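Residue-level listing of the chains:
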Amino acid sequence: MELVLIRHGEAHPAVAANDIKRPLTPRGHAQAEQTAQYIKEQIQPDIFVVSPLLRAQETLQHIQAYFPQVETLICDRIKPDDDPADAIEWLSQLPHERVVVVCHMNVIAGIAQQLTLDAYQGFHLAEARVYEQAVIANGLSTETSRFCPQI
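Predicted model only: the values in this text are computed from it and were never measured. (Residues numbered from 1 in each chain as written. Predicted model: local features only at pLDDT ≥ 70, side-chain atom pairs only at ≥ 80, totals over all residues. Heavy atoms only, no water.)

Chemist: Got a minute to help me understand the sheet that holds strand S3 (residues 71-74) in this structure?
Modeler: What links the strands of a sheet is backbone hydrogen bonding, and the strands pair in either a parallel or an antiparallel sense. The mixed open sheet is built from six strands, whose spatial order is S3-S2-S4-S1-S5-S6. Sheet topology places S3 and strand S6 (142-147) at the edges, where each strand pairs with a single neighbour. Taken pair by pair, the neighbouring strands of this sheet meet at an average axis angle of 20°, ignoring direction. Of the pairings in the sheet, the one linking strand S1 (residues 2-7) to strand S4 (residues 98-103) comprises six bridges and is parallel in character. (Pairing = 2+ DSSP bridges. Helix = DSSP H or I, 4+ residues; strand = E, 2+ residues; numbered from the N terminus. Axes fitted to C-alpha atoms, helices over the stretch in contact; angles between N-to-C directions.)

Put into structure tokens, the structure is as follows:
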């Protein structure tokens, strides 16, 4: 199976400490579009999984434009401060072969670290990493490619 982990694009700062509704900046939209073009060449997703936060959803919209028929699930376990182990447990229950996840630091880097057992590596804005594994579980994934927008 293939798992693609994507961090959201650049977002505006929080207003009145509201982190939930931070939209992408124009640069963030450009980053998301570059990543979307990369994804359309790499994988035919079975499902999209996205955080409930606006910046992740806006990033995903760029990818969805190339795959309008693919279902989207909103996951409340992939927000910035969520536990990567809980996210992995939730993702492991999905009955799909090609899963694209759009979420946030630090949870996304924690997921990647646990899946590969490699050292923790932060994700750049709108960075995508593709993993292969038989099942989603700690230590069973191998990173096969990555993309970082050049904006």
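Chemist: Where do I start with the nonpolar core in this structure?
Modeler: Inside soluble globular proteins, nonpolar side chains tend to come together where they are buried. Of all hydrophobic cores here, the largest spans 23 residues; its most connected members are Leu 3, Leu 5, Val 49, Ile 78, Val 101, Ile 111 and Phe 123. Among the elements of the structure, S1, strand S2 (47-50), helix H3 (84-92), S4 and helix H4 (107-116) are those that each provide at least two residues to this core. A total of six residues in this core trace back to one element, the largest contributor, which is H4. Beyond its immediate stretch of four places on either side in the chain, Val 49 contacts Leu 73, Cys 75, Ile 78, Trp 90, Leu 91, Leu 94, Val 99, Val 100, Val 101 and Val 102. With 18 residues, the next largest nonpolar core counts Tyr 38, Ile 39, Val 102 and Ala 128 among its residues. (Core = buried A, V, L, I, M, F, W, Y, C linked by side-chain atoms within 4.5 Å. Buried < 20%, exposed > 50% of the residue type's maximum accessible area, 1.4 Å probe, protein only. Contact = heavy atoms within 4.5 Å.)

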